[in-house]
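Here's the letter readout for the chains.
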Amino acid sequence: MPTQREADEAEIRRRVDEIVDGIRAKDLGTLQRLYATDVVSFDIDPPLQHVGTAAKMRNWANVFAFFQDVTYEVRDLAITVGDDVAFGHGFGRLSGTLKNGTATSGMWVRATFCFRKVDGTWLIAHDQVSVPLEVVSGRGVTDLRP
C-alpha cells in the first residue's frame, strides 16, 4: 500500500498530465480548474508576473490564438511533496501547427510548478517558465534540448 506522500505524488503527476491534456485540447475550463484562484505565474510573456486565474487563462487564450493545433510535452519531471505543499520542476515544450499552417517544433523551456493542497485537492499556486539567458548579449537561449 502506498504511503501518503507516494499517493500525493501520483496525484500531482496526474494533475500535470491534465495540464498537458488541457493544453492539447485548448480547453481553458480544464486548465482553470487546475490553478488556485490566487495563482502567481512568472510566465514567458510580460509583465513580470500574472496574478489570479483570470490572468493565467488570458495567457493560455493568447497562446491558443496562435495555434491551429497545439502539443505540449513535459520531460524529466521531478516532484517533492510535503503535507500541504509540493513542487515539481522539469522541461516543457509547446509546439504544433500555427493558424497560418506553419508547423513549429517550439522550444524547450524550464518549468516549475508549485502546488498547494486546498480542501484535499492539489492546485497550482505558482508556476514559472523560463529560458536560459546569455548574459553578455542579454538574449534568451532557445535552441537547447534536454
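This text follows the structure it describes.
Every value quoted in this text rests on a predicted model; they were computed, and no experiment measured them.

*Asks:* Looking at this structure, I do not really get helix α1 (residues 4-24). What am I missing?
*Replies:* It helps to recall that an α-helix has 3.6 residues per turn; residues three or four apart then point in one direction. Between its terminal C-alpha atoms α1 stretches 30 Å, which fits the 30 Å expected from 21 residues at 1.5 Å a residue. The set of residues buried in α1 consists of D8, I12, R15, V16, I19, V20, G22 and I23. Against the buried residues of α1 lie α2 (28-32), α3 (53-66), β3 (67-81), β4 (85-98), β5 (103-118) and β6 (121-130). Looking one or two residues past α1, K26 carries a phi angle of roughly 50°, positive in sign.

*Asks:* Which parts of the structure should I look at to understand the sheet that holds strand β1 (residues 35-42)?
*Replies:* Spatial strand order, β2-β1-β6-β5-β4-β3: 6 strands in an open sheet with mixed pairing. Sheet topology places β2 (50-51) and β3 at the edges, where each strand pairs with a single neighbour. As judged from the 12 bridges shared by β4 and β5, these two strands associate in the antiparallel manner. Residue pairing across strands places G96 opposite T104, the latter belonging to β5. Those strands touched by α1 are β3, β4, β5 and β6, and its axis lies near 165° from that of β3. Where α3 meets the sheet, its contacts fall on β1, β2, β3, β4 and β6, and the angle it forms with β1 comes to roughly 60°.

*Asks:* I'm lost on the pattern of salt bridges in this one. Help?
*Replies:* Where charged atoms from two side chains of opposite charge come close, those side chains can pair. Enumeration according to the criterion identifies 10 salt bridges in this entry. The salt bridge partner of R13 is E9, with a shortest N-O separation of 3.1 Å. Taken together, the residues span about one helical turn, with R13 and E9 both in helix α1 at a distance of 4 residues. Taking relative accessible area as the criterion, R13 reaches 31% and is therefore assigned partly exposed. Taking the relative accessible area as the measure of exposure, E9 reaches 26% and is therefore partly exposed.

*Asks:* Where do I start with the layout of surface pockets in this structure?
*Replies:* A probe as big as a water molecule, rolled over the atoms, marks out the empty space that is left. Counted as a void, the largest pocket has a volume near 580 Å³. As for the largest pocket, its lining consists of 26 residues, and the residues nearest its centre are D43, I44, V63, L94 and M107. Breaking the lining of the largest pocket down by element, the ones donating at least two residues are α1, α3, β3, β4, β5 and β6. In the lining of the largest pocket, the residues fall into 15 nonpolar, 6 polar and 5 charged.

How each quantity is defined
- Chains are numbered independently. Their residues run from 1 in the order of the written sequence.
- Two thresholds apply to this predicted model, a pLDDT of at least 70 for residue-level local features and 80 or more for giving and counting side-chain atom pairs, whereas whole-chain, interface and lining totals are computed over all residues.
- The basis for every side-chain value is the complete set of non-hydrogen atoms in the structure, without hydrogens or water.
- A run of DSSP states H or I qualifies as a helix once it reaches four residues; a run of E qualifies as a strand once it reaches two. Both are numbered from the N-terminal end.
- Multiplying one less than the number of residues by 1.5 Å gives the expected span of a helix.
- Burial classes: relative accessible area under 20% of the type maximum marks a residue as buried, over 50% as exposed, and values in between as partly exposed (1.4 Å probe, protein chains only).
- Whether two residues are in contact is decided by their heavy atoms: any pair within 4.5 Å suffices.
- Here, strands pair whenever DSSP counts at least two bridges between them.
- To define axes, lines are fitted to C-alpha atoms, for helices over the stretch in contact only, and angles between the resulting N-to-C directions are given on a 0 to 180 degree scale.
- Put simply, a salt bridge is a Lys or Arg side-chain nitrogen that is within 4 Å of an Asp or Glu carboxyl oxygen.
- Whether a set of points on the 1 Å grid over the protein atoms alone is a cavity depends on a 1.4 Å probe fitting there but being unable to get out, while an open set qualifies as a pocket with protein on both sides within 12 Å along at least five of seven lines; lining residues are those with an atom within 4 Å of a point.
- Grid points are joined across faces, edges and corners, and a volume is the space filled by probe spheres set on the points.
- For this classification, Asp, Glu, Lys and Arg are treated as charged, while Ala, Val, Leu, Ile, Met, Phe, Trp, Tyr, Cys and Pro are nonpolar and the rest, including Gly, are polar.

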